[in-house]
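Working through the structure, step by step
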Number of protein chains: 2
Amino acid sequence: MKVLVSLGGNAILRRGEKGTADEQAANVRSTSKQLVRLVQVGAKLAITHGNGPQVGNILLQNELAKAELPAMPLDICGAESQGMIGYLLEVGLESELKRAGLDAPISAIVTRVAVDPLDEAFRHPTKPVGPFYSETEAARLRGERGWQITSDSGRGYRRVVPSPKPLDILEKKVIRSLYDAGTIVVSAGGGGVPVVVNENGEISGVEAVLDKDRTAALLANVLGVETLLILTDVERVYLNYGTPEERPLDRLSVEECRRYLDEGQFPSGSMGPKIEGAVSFLEGGGVRAIIASLDNAESALSGKTGTFIER
Amino acid sequence: MKVLVSLGGNAILRRGEKGTADEQAANVRSTSKQLVRLVQVGAKLAITHGNGPQVGNILLQNELAKAELPAMPLDICGAESQGMIGYLLEVGLESELKRAGLDAPISAIVTRVAVDPLDEAFRHPTKPVGPFYSETEAARLRGERGWQITSDSGRGYRRVVPSPKPLDILEKKVIRSLYDAGTIVVSAGGGGVPVVVNENGEISGVEAVLDKDRTAALLANVLGVETLLILTDVERVYLNYGTPEERPLDRLSVEECRRYLDEGQFPSGSMGPKIEGAVSFLEGGGVRAIIASLDNAESALSGKTGTFIER
């Protein structure tokens with residue numbers, strides 16, 4: 001059973017934690033125990049993951065050190081976070097596999113994802129990244145760096161960047177060949193590092209962020225997996241989430257997904273992109289997408305919990 | 001012709017540069033032009049690289065931001081630098097290959113390298129890493145973090161870490177399978193992230209740095225290449241370097257290497273590890289090691305310049 005697992009931010013860094021190396025390593029160990037159970041019930045795993053908190057910290061470190069060292073742009077910070085998280089997953093997962101008496105090669109691939117330079121998202125940056133600024137700092141950064149900065153719900157000012165549609169995973173052949181040969185491939189972390197490829201094939205990074213679940217859908221189709229397992233911090237998808245009419249969903253069809261998305265049931269900052277990723281995966285040939293809690297990965301895969309989305 | 005190229009720090013960041021993203025990308029483009037020439041004369045390339053300046057900057061950013069964010073340990077910073085440099089090489093080299101009408105998959109692998117926890121190096125840390133400190137800071141860090149800190153040639157105080165011997169590249173099967181299938185694999189950046197593997201197979205990172213050319217020798221043997229091409233900022237290996245008796249060497253035998261190493265001809269901070277790497281590669285089955293200037297990679301490979309070391 002071929003499965004791509006898309007790990008949410010909580011798989012590596014939990015809300016309220018400071019993000020020390022020990023905390024992250026412990027979370028990855030705990031996540032890895034869940035992943036090992038999937039292997040034990042026969043899943044042939046590939047893994048992708050978010051990078052929001054990590055790239056946020058790297059951006060903040062760049063900001064705080066900028067008087068002494070040139071700050072790196074978003075694409076390079078994203079690649080750094082892929083190295084960091086890829087390494088943590090290699091160490092944690094390989095250790096847990098060994099502990100369970102299993103042995104499978106694991107490999108983390110630095111992954112670039114092509115986007116369209118004419119993607120409408122570049123004209124309407126919406127995705128907040130990096131630290132909060134005061135109004136004065138915000139005005140200065142708008143002038144100095146040409147950043148687009150908006151007020152973020154009373155907590156200060158924050159840079160917003162475009163979130164274009166992922167079109168092509170540049171390392172797809174390598175990722176696919178490793179996966180087909182039995183390697184647990186960790187790739188497209190944080191949705192991949194966004195790049196544009198010009199007509200001559202030359203590549204350059206862009207200041208944008210990709211949604212990890214939209215890229216996960218693309219990756220899942222590239223790998224030809226039947227199941228896309230999106231692990232997050234809620235048990236299921238809900239209608240009317242957070243209201244007295246809240247209702248958990250066991251199953252969803254693609255049509256229901258579309259209708260509820262149109263109705264605004266799934267906010268763009270959280271469940272929306274997961275549902276969109278699921279729909280895109282199924283349209284691209286996938287059999288089932290499951291959205292479930294990280295803590296119940298295995299029972300979700302066997303249909304006991306989580307929300308199943310099928311064609 | 002199978003060739004592992006070991007790129008020195010100057011391939012990505014040159015002395016006197018601040019290390020902006022634009023500078024690094026431009027250096028990588030220029031390095032990539034040299035690498036493309038190797039491909040054009042028939043070399044089947046694998047690549048490894050140093051990470052000294054980059055991991056130094058990441059460590060300094062961690063230091064400067066530590067009041068707000070937990071500082072990451074050396075192993076994680078090393079993995080971040082592999083992500084950063086791997087990405088830069090993927091972008092630069094793929095662009096230059098396309099410009100030359102060539103097409104080869106490129107992939108950067110986050111690489112761990114096992115060391116012996118009983119390696120004598122752990123009792124005698126020698127390798128300076130990260131920023132300079134004042135005497136007061138040095139004393140505080142010795143106490144707070146248990147770091148070993150020594151005075152560095154009058155320029156201040158600096159942390160020193162062990163540089164144990166690289167024993168095993170944990171991603172070796174993956175790297176080898178990709179290389180054999182025609183991928184230009186970038187791996188073991190900065191000598192690899194050092195880890196120890198305990199008797200149960202559990203893995204943990206260690207606070208150490210590996211010498212990139214010693215790891216390159218191991219990697220070259222794993223890949224089964226005939227040629228290890230170590231590219232640096234000097235034209236050849238010299239005897240009596242920097243003295244009036246300075247003499248360039250066109251050829252060296254393994255025995256001469258050993259004798260000159262014993263005589264202290266090659267300083268441990270620069271040429272020493274390259275010669276040691278070359279010897280270790282040849283003893284492990286390699287045919288020739290070449291030490292040459294990055295700017296003349298192709299003429300060195302064809303024997304017109306550089307120092308050839310053979311069994």
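Scroll up to find the structure this text is about.
Summarised in this report is the structure supplied together with it.

What counts, and where the lines are drawn
Residues numbered from 1 in each chain as written. Chains lettered and ligands numbered in written order. Predicted model: local features only at pLDDT ≥ 70, side-chain atom pairs only at ≥ 80, totals over all residues. Heavy atoms only, no water. Least-squares fit on C-alpha atoms with pLDDT ≥ 70 in both. Contact = heavy atoms within 4.5 Å. Buried area = accessible area lost by both parts, 1.4 Å probe. Salt bridge = Lys/Arg side-chain N within 4 Å of Asp/Glu carboxyl O. Phe/Tyr/Trp six-rings, centres within 6.5 Å; stacked < 30°, edge-to-face > 60°. Buried < 20%, exposed > 50% of the residue type's maximum accessible area, 1.4 Å probe, protein only. Lys NZ or Arg CZ within 6 Å of the ring centre and 35° of its normal. Pairing = 2+ DSSP bridges. Helix = DSSP H or I, 4+ residues; strand = E, 2+ residues; numbered from the N terminus. Axes fitted to C-alpha atoms, helices over the stretch in contact; angles between N-to-C directions. Parallel < 35°, antiparallel > 145°, perpendicular 65-115°, else oblique. Left-handed = near helix turned anticlockwise from the far one by under 90°.

1. Side note on the relation of the copies chain B and chain A
A rotation about some axis, followed by a shift along it, carries one copy of the chain onto the other. Once chain B has been moved 0.0 Å along the axis and rotated by 180 degrees, it coincides with chain A to within an RMSD of 0.0 Å. On this basis, the relationship between the two copies can be described by a two-fold rotation axis. Mapped onto chain A, 100% of the interface residues of chain B are again interface residues, and the two copies thus contact each other with one and the same surface.

2. Structural notes on the interface of chain B and chain A
Bring the parts together and some accessible area is lost; that lost area is often taken as the interface size. Across the contact, 52 residues belong to chain B and 52 residues belong to chain A. Both faces combined, the contact of chain B with chain A buries some 4400 Å², and carbon together with sulfur accounts for 64% of it. At the boundary of chain B and chain A, one finds eight salt bridges. Residue B:Arg99 pairs with A:Glu202 through a salt bridge whose shortest N-O separation is 3.7 Å.

3. A closer look at the packing of aromatic side chains
Taken as a whole and judged by the stated rule, the model has six aromatic pairs over all chains. Residues B:Tyr238 and B:Tyr241 carry aromatic rings whose centres are separated by 5.4 Å and whose planes lie at 40 degrees to one another, so their mutual orientation is tilted. Taking the relative accessible area as the measure of exposure, B:Tyr238 reaches 18% and is therefore buried. In this structure B:Tyr241 comes out as exposed when scored by relative accessible area, which is 52%. Aromatic side chains B:Tyr260 and B:Phe266 sit 6.2 Å apart centroid to centroid with 85 degrees between the ring planes, which places their arrangement in the edge-to-face category. Looking at A:Lys44, its charged tip hangs above the ring of A:Tyr179, at a distance of 4.3 Å from the centre.

4. Focus: the sheet that holds strand E7 (residues 157-161) of chain B
All names here are of chain B. Taken together, three strands build an open sheet; the order of strands is E5-E7-E6 and the sheet is antiparallel. The open sheet has two edge strands with one neighbour each: strand E5 (127-133) and strand E6 (148-151). Neighbour to neighbour, the strand axes of the sheet diverge by 35 degrees on average, direction disregarded. Bridge analysis of E5 against E7 gives five bridges, and the strand direction is antiparallel. Bridge pairing links lysine 127 to valine 161 in E7.

5. Looking at the pattern of salt bridges
Per the stated rule, a full pass over the model turns up 44 salt bridges over all chains. The shortest N-O distance in the salt bridge between A:Arg112 and A:Glu171 comes to 2.7 Å. Of this pair, A:Arg112 sits in strand E4 (residues 112-114) while A:Glu171 sits in the loop between strand E8 (168-169) and helix H5 (172-180), and the two are 59 residues apart along the sequence. The exposure classification of A:Arg112 matches that of A:Glu171, with both residues buried. One network of salt bridges, with partners in common, ties together A:Arg29, A:Lys33, A:Glu96, A:Arg99 and B:Glu202.

6. Quick notes on the pairing of strand E17 (residues 307-310) of chain B
Residues and elements named next belong to chain B. Bridge count between strand E15 (residues 251-253) and E17: three bridges; the pairing is parallel. By the bridge assignment, arginine 251 is partnered in E17 with phenylalanine 308. Pairing between strand E16 (residues 288-293) and E17: four bridges, direction antiparallel. Of the residues in E17, the one forming a bridge with alanine 289 is isoleucine 309.

7. So, the packing of helix H1 (residues 21-40) of chain A against helix H3 (residues 74-99) of chain A
Residues and elements named next belong to chain A. At a minimum axis distance of 8 Å, the contact between H1 and H3 shows a crossing angle of 50 degrees. Classed by the angle they form, the pair H1 and H3 counts as oblique. Seen from above, H1 lies across H3 with right-handed handedness. Residues Gln24, Val28, Arg29, Ser32, Lys33, Leu35, Val36 and Val39 of H1 form the contact with H3, whose participating residues are Leu88, Leu89, Gly92, Leu93, Ser95, Glu96, Leu97 and Arg99.

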